[in-house]
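Each chain, letter by letter, is given below.
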Amino acid sequence: MKKFTVKTLTAVAVLLCATNAFAFAAKATKAAVTTTVTEINQHGNTYLTIRPSLFSAKGFSISDIVTVTINGKKFDIPICKNYSDVDTGSMLLRLTDDSVCLAINMGNFAKEAGAEMNMEVTITMKQQYGYLTQFHQRLLKSTDVRSDYSSDEVFANFREVTAGKIAAGRLYRSPSLIEPTTRAPYVLKLAQQAGIKTIVDIANSKENALKMGANNAFFKSLDAQGNVYYCEMAISYADEAFAAKLKEALVFISEHEGPYLIQGKDGQNRVGIICAMIEALNGATLKEINDDYMQSYVNYYGIKSDSTQYKEILKTITAMFETLNNGAKVTDKNVQKVVEKYLLQTVGLTQAQIDAVKAALQ
């Protein structure tokens, strides 16, 4: 019998939407399940005990809207596959082939909901396929096959960052060059070609990174020289933990020799946020910052600038800057000051440290 993965179910859901969406609305089920919290990771993503196959067998699928009851609170959220399937700051139930997880795109679900280990969680159907239209609009597809992409740089999502006053050959961004992925060897090759001397690894602890990079001579050499900083950074810029790690990362950059590489697991979200702040700090315009952030989605998924997906994801960085500015509008004229104020008052850098970061990159 053919195994139906989440990817398969996603395709089926989209097909069903195109053929008869109203029929599904009329047949909304009363699916319900009670489970428990089995893991909370450093980002606040809250993993549930129930297995994906059983969860699906209970009548739930990608694009349903469900009511999640946890810690005496109720949340109506969609079932999705990727964090980017919802707006920045929005909740989702992330269903993959390996896990069922409650999360917030660029946020901390556990903190927001007060979730704790072994806490009971009840999930009930609110609207079957209720998120199908939005999900279809946001559906992003990538592959792990090099020949599907136009260049090594696009496939590796590896690029130089030169927005604002950042000098050429100083700063680069990418997915991890040590993760066990098909992209990693390409990232490694490009990092070596760029002459990278300092790495900020925002995804891993030193222990995990050295395990994955055990056979990577380039990475091990940089580590041995003390030129790798391990952040294991939270994904929400609103968290105190994020600010603390950001402070350490920027100080590390100012105290080490470039060229610098900021690497994450995929090089999209956290890397994008940190680079956006660095670019703003160095006088970049909002267009420069947004273009760089969106390039990862163009590289991975081939999305076009006039697509719904592009326009929705494009809101991410502006929303972040406005959050840092207490909800007030951010423009080219004030974005640098907004970020400097955040780094001084929230992150805890001194003006001398901020100036040192600029000097290292400019």
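Quick notes on the rules
Residues numbered from 1 in each chain as written. Predicted model: local features only at pLDDT ≥ 70, side-chain atom pairs only at ≥ 80, totals over all residues. Heavy atoms only, no water. Core = buried A, V, L, I, M, F, W, Y, C linked by side-chain atoms within 4.5 Å. Buried < 20%, exposed > 50% of the residue type's maximum accessible area, 1.4 Å probe, protein only. Helix = DSSP H or I, 4+ residues; strand = E, 2+ residues; numbered from the N terminus. Contact = heavy atoms within 4.5 Å. Pairing = 2+ DSSP bridges. Salt bridge = Lys/Arg side-chain N within 4 Å of Asp/Glu carboxyl O. Phe/Tyr/Trp six-rings, centres within 6.5 Å; stacked < 30°, edge-to-face > 60°. Lys NZ or Arg CZ within 6 Å of the ring centre and 35° of its normal. Axes fitted to C-alpha atoms, helices over the stretch in contact; angles between N-to-C directions. Parallel < 35°, antiparallel > 145°, perpendicular 65-115°, else oblique. Left-handed = near helix turned anticlockwise from the far one by under 90°. Nonpolar A, V, L, I, M, F, W, Y, C, P; charged D, E, K, R; others polar.

## Some words on the nonpolar core
Thinking step 1. The biggest cluster of nonpolar side chains holds 57 residues, and the ones touching the most others in it are Leu 246, Met 277, Phe 321 and Leu 343.
Thinking step 2. Listing elements by their share of this core, those giving two or more residues are helix H9 (240-255), strand E12 (260-264), helix H10 (269-281), helix H11 (286-301), helix H12 (308-313), helix H13 (315-324), helix H14 (335-347) and helix H15 (351-361).
Thinking step 3. It is H10 that provides the largest number of residues to this core, a total of 9 residues.
Thinking step 4. Every residue in contact with Phe 321, bar those within four places of it in the chain, is listed here: Ala 276, Ala 280, Leu 286, Ile 289, Val 330, Val 335, Val 338 and Val 339.
Thinking step 5. Ranked by size, the runner-up nonpolar core spans 38 residues in total, among them Phe 55, Leu 93, Ala 110 and Met 125.

## A word on the pairing of strand E3 (residues 65-70)
Thinking step 1. The buried fraction of E3 amounts to 5 of the 6 residues, a majority that puts the element mostly inside the structure.
Thinking step 2. In the sheet, E3 pairs with strand E4 (residues 73-80) via 6 bridges, with the strands oriented antiparallel. Bridge pairing links Thr 69 to Lys 74 in E4.
Thinking step 3. Hairpin remark: E3 followed by E4, antiparallel, with 2 residues in the connecting loop; positive phi at Asn 71, about 55°.
Thinking step 4. In this structure, E3 lies alongside strand E7 (residues 120-127), joined through 6 bridges in antiparallel fashion. Within E7, the position partnered with Val 68 by the bridge is Ile 123.

## Things to note about the pattern of salt bridges
Thinking step 1. Overall, the coordinates contain 12 salt bridges when judged by the stated rule.
Thinking step 2. One salt bridge connects Lys 126 with Asp 76, and the closest N-O pair in it is separated by 3.6 Å. Taken together, the residues span a long stretch of sequence, with Lys 126 in strand E7 and Asp 76 in strand E4 at a distance of 50 residues.
Thinking step 3. Residue Asp 76 is classed as partly exposed on the basis of its relative accessible area of 45%.
Thinking step 4. Here Lys 206 ties to Asp 223 by a salt bridge, and the two come within 3.9 Å at their closest N and O atoms. Taken together, the residues span a long stretch of sequence, with Lys 206 in helix H7 (residues 206-212) and Asp 223 in helix H8 (residues 217-224) at a distance of 17 residues.
Thinking step 5. Linked by salt bridges that have partners in common, Arg 146, Asp 152 and Lys 189 make up one network.

## Brief notes about H14
Thinking step 1. Within H14, burial applies to Val 335, Val 338, Val 339, Glu 340, Tyr 342, Leu 343 and Val 347.
Thinking step 2. Those residues of H14 that are buried are in contact with H9, H10, H11, H13 and H15.
Thinking step 3. Immediately downstream of H14, the backbone of Gly 348 shows phi near 95°, a positive value.

## Looking at the packing of aromatic side chains
Thinking step 1. In this structure the tally under the stated criterion is 10 aromatic pairs.
Thinking step 2. Where Tyr 149 meets Phe 155, the ring centres are 5.3 Å apart and the plane angle is 55°; that geometry is what we call tilted. Just as Tyr 149 is buried, Phe 155 falls in that class too.
Thinking step 3. Counting every residue linked through ring pairs, the aromatic cluster contains Tyr 293, Tyr 297, Tyr 300 and Tyr 301.
Thinking step 4. Here Arg 183 stacks its cationic end above the ring of Tyr 149, 5.4 Å away from the centre of that ring.

## Observations concerning the sheet that holds strand E8 (residues 159-160)
Thinking step 1. The mixed open sheet is built from 5 strands, whose spatial order is E8-E9-E12-E10-E11. In this open sheet, the two strands that pair with only one neighbour each are E8 and strand E11 (228-230).
Thinking step 2. One ladder, built from 2 bridges, connects E8 with strand E9 (residues 171-175); its direction is antiparallel. Residue Arg 159 lies in a different strand from E9, and its bridge partner there is Arg 173.

## Topic: the packing of H10 against H14
Thinking step 1. Running from N to C, H10 and H14 cross one another at 115°; their axes reach a closest spacing of 8 Å. Relative to H14, H10 is oriented roughly perpendicular. Crossing of H10 over H14 shows left-handed handedness. Between H10 and H14, the residues in contact are Met 277, Ala 280 and Leu 281 and Val 335, Gln 336, Val 339, Glu 340, Tyr 342 and Leu 343, respectively.
Thinking step 2. The residue inventory of the contact of H10 with H14, partitioned by class, reads 7 nonpolar, 1 polar and 1 charged.

## Side note on the sheet that holds strand E5 (residues 91-95)
Thinking step 1. Read around the closed barrel, 7 strands run E1-E2-E6-E5-E4-E3-E7, paired in mixed fashion. For this sheet, the mean angle separating the axes of adjacent strands, direction not counted, is 35°.
Thinking step 2. As paired strands, E5 and strand E6 (residues 100-104) are joined by 5 bridges and run antiparallel to one another. When the bridges of E6 are listed, Arg 94 appears paired with Cys 101.

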